[in-house]
Amino acid sequence: MSTAAAISTPSPSLSLHPSSSPSITPLRSPYSPPPCPSTKPLSLIPLHHHHHRRRSPIPPFAVAIEKETPENEAPTTFLRDSDDNETTSKKSDSVRARFERMIREAQETVCAAIEKADGGGRFVEDVWSRPGGGGGISRVLQNGKVWEKAGVNVSVVYGVMPPEAYRAAKGGGGGEQQKPGPVPFFAAGISSVLHPHNPFAPTLHFNYRYFETDAPKDAPGAPRQWWFGGGTDLTPAYVHEEDVKHFHQVQKNSCDKFDPSFYPRFKKWCDDYFYIKHRGERRGLGGIFFDDLNDYDQEMLLSFATECANSVVPAYIPIIERRKDTPYTEAHKAWQQIRRGRYVEFNLVYDRGTTFGLKTGGRIESILVSLPLTARWEYDHKPEEGSEEWKLLDACINPKEWI
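Residues numbered from 1 in each chain as written. Predicted model: local features only at pLDDT ≥ 70, side-chain atom pairs only at ≥ 80, totals over all residues. Heavy atoms only, no water.

J.: What exactly am I supposed to notice about the packing of helix H4 (residues 241–256) against helix H5 (residues 262–273) here?
T.: Close contact between H4 and H5 brings their axes to 8 Å; oriented N to C, the two are set at 130°. The orientation of H4 relative to H5 falls into the category oblique. For the crossing formed where H4 meets H5, the hand is right-handed. Across the interface between the two elements, His248, Gln251, Lys252 and Cys255 of H4 pack against Phe262, Tyr263, Phe266 and Lys267 of H5. Class assignment for the residues of the contact of H4 with H5 results in four nonpolar, two polar and two charged. (Axes fitted to C-alpha atoms, helices over the stretch in contact; angles between N-to-C directions. Helix = DSSP H or I, 4+ residues; strand = E, 2+ residues; numbered from the N terminus. Parallel < 35°, antiparallel > 145°, perpendicular 65-115°, else oblique. Left-handed = near helix turned anticlockwise from the far one by under 90°. Contact = heavy atoms within 4.5 Å. Nonpolar A, V, L, I, M, F, W, Y, C, P; charged D, E, K, R; others polar.)

Structure below.
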């Protein structure tokens, strides 16, 4: 997770039309930044947490983002006053502003649902800003009754991407006509990873984000490029088909409100993206994933991202309620830890959101909040064929159509 964790920094039935925004031109190349819209007024739920104050060092090769400054409370918006050179009333209706409102409302909703289901744990909150604009809210619950670690981050980031970060963001290695110089960017997103204690309760990850690149300094007046990305995916240690079917059905229902092709397309994209190449297996049992999405109307995609974010709680909490108190053995726990090792491998080796955050000097605690408190690596571990552990591994090697 990143936008460094919410962007990692990454919610509809509408007709589909090419974007007609007069000031923004769609970009048509793949991207997976970290981050990683509701039009209602933002209403923040007081959580009464103390705030940790941290600063993340910026790698010497990435002077693209200013260091963050700890804040005592979150501002109404992290957007720059100068955004789009518009009046305050118009700025509040911009895609940037509505996406920020959406992710902050989603953070409130998810954190409240997690605390209620946990029955004891509370989120600790960090608020941070940057002098040139942008900032974020990181919330982490550790050692609760149900969750070992739960992180829900939002961030709004302005910066200049060095060439290697731009390639990480686009998920490509070259061959483009893009100039190699630094590229100004804006990114906003929500990103979350939830790791329960119980081996029969699955880990959940979700990330929804909006990204823009501005014209390089040597090309003033060039059109903006934009895209949406995100997804929600389930990573259990044991296969309970009713849980996986429920989870995928909720994803399909959200997709079908907009386009019946979305679920099969984004389900396959999820299976392909969360592939651990050196293991020859997927990280988990999938869900939906999309990136570089800009070939539909911008308003429609904003609504789609909102619908997806709003589906997180109904997709996940019923599964947790069914599994959080299931008795388990030390052997069950050991298998969960081995699967978490796979989770760590994917996030540190392959996740483009993590790569983007690290290469742009993002907030390190937010970028790495997705990692579990504990994991395990056993030499040459192979589950017995036909066992419950083997069934999970088989489903990760050979993705299934669950619905």
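Following the structure, the description resumes.
J.: When you look at the pairing of strand S10 (residues 287–293) in this model, what are you seeing that I'm missing?
T.: Each regular strand displays side chains that alternate between the two surfaces of the sheet. Within S10, seven of the seven residues are buried, leaving the element largely enclosed by the surrounding structure. As paired elements, strand S7 (residues 225–235) and S10 share five bridges and run antiparallel to each other. Paired with Thr232 across the bridge in S10 is Ile288. (Buried < 20%, exposed > 50% of the residue type's maximum accessible area, 1.4 Å probe, protein only. Pairing = 2+ DSSP bridges.)

J.: Mind showing me how you'd approach the side chain of Ser370 here?
T.: Turning to its location among the elements, Ser370 is positioned in the loop between helix H10 (364–367) and helix H11 (388–397). Taking relative accessible area as the criterion, Ser370 reaches 1% and is therefore assigned buried. There is a polar contact of 2.9 Å between the side chain of Ser370 and the side chain of Asn347. (Polar contact = N/O pair within 3.5 Å; in protein donor to acceptor, adjacent residues only side chain to side chain.)

J.: How do you make sense of the packing of aromatic side chains when you look at a structure like this?
T.: The description of two aromatic rings rests on the distance between their centres and on the angle between their planes. All chains considered together, the criterion is met by 25 aromatic pairs. For the ring pair Phe99 and Tyr210, a centre distance of 6.1 Å and an interplane angle of 40° mean the geometry is tilted. Taken together, the residues span a long stretch of sequence, with Phe99 in helix H2 (residues 95–118) and Tyr210 in strand S6 (residues 203–213) at a distance of 111 residues. Seen in terms of ring centroids, Phe266 and Phe290 are 5.2 Å apart; in terms of plane orientation they differ by 35°. Their pairing is tilted. With Phe266 in helix H5 and Phe290 in strand S10, this residue pair connects regions lying 24 residues apart in the sequence. Both residues of the pair, Phe266 and Phe290, belong to the buried class. (Phe/Tyr/Trp six-rings, centres within 6.5 Å; stacked < 30°, edge-to-face > 60°.)

J.: Before we go on, may I ask you to explain helix H9 (residues 352–359) in this structure?
T.: Two residues of an α-helix separated by three or four positions point the same way, owing to the 3.6 residues in each turn. Of all the positions in H9, only Gly353, Thr354, Phe356 and Gly357 are classed as buried. Looking down the long axis of H9, one finds its buried residues gathered within 160° of arc, a one-sided arrangement. In this structure Asp351 caps H9, since a side-chain oxygen of it lies 3.2 Å from the backbone nitrogen of Gly353. After H9 finishes, the residue Gly361 shows a positive phi value of roughly 70°. (Arc of directions from axis to C-beta.)

J.: Is there a simple way to think about the state of the cysteines in this case?
T.: Here a disulfide denotes a covalent bond joining the sulfur atom of one cysteine to the sulfur atom of another. In this structure the tally under the stated criterion is zero disulfides. Sulfur of Cys255: no disulfide; nearest cysteine sulfur belongs to Cys308 and is 5.5 Å away. When its relative accessible area of 0% is taken as the criterion, Cys255 is described as buried. (Disulfide = S-S within 2.5 Å.)

J.: Can you help me understand the nonpolar core in this one?
T.: What tends to happen in soluble globular proteins is that the nonpolar side chains get buried as a cluster. Among the nonpolar cores identified, the biggest contains 60 residues, and Phe99, Ile114, Trp147 and Phe228 are the most heavily contacted of them. With 11 residues, the single largest contributor to this core is H2. Residues within four places of Ile114 in sequence aside, it is in contact with Phe123, Leu141, Trp147, Ala150, Leu194 and Ile317. The next biggest cluster of nonpolar side chains, apart from the first, holds 12 residues, and it includes Phe200, Ala237, Val239 and Cys396. (Core = buried A, V, L, I, M, F, W, Y, C linked by side-chain atoms within 4.5 Å.)

J.: For this particular structure, what's the right way to read the confidence of the model for the protein chain?
T.: Detailed reading of the predicted model is not advised wherever pLDDT is low. A residue-level look at the protein chain finds 75% of positions with pLDDT of 70 or above and a mean pLDDT of 82. Predicted confidence is poor over residues 1–5, with pLDDT under 50, and the contacts of this stretch with residues over four places away or in other chains come to 54 contacts. This model gives residues 7–63 a pLDDT under 50, and the stretch forms 230 contacts once residues within four places in sequence are excluded. (pLDDT = per-residue confidence, 0-100.)

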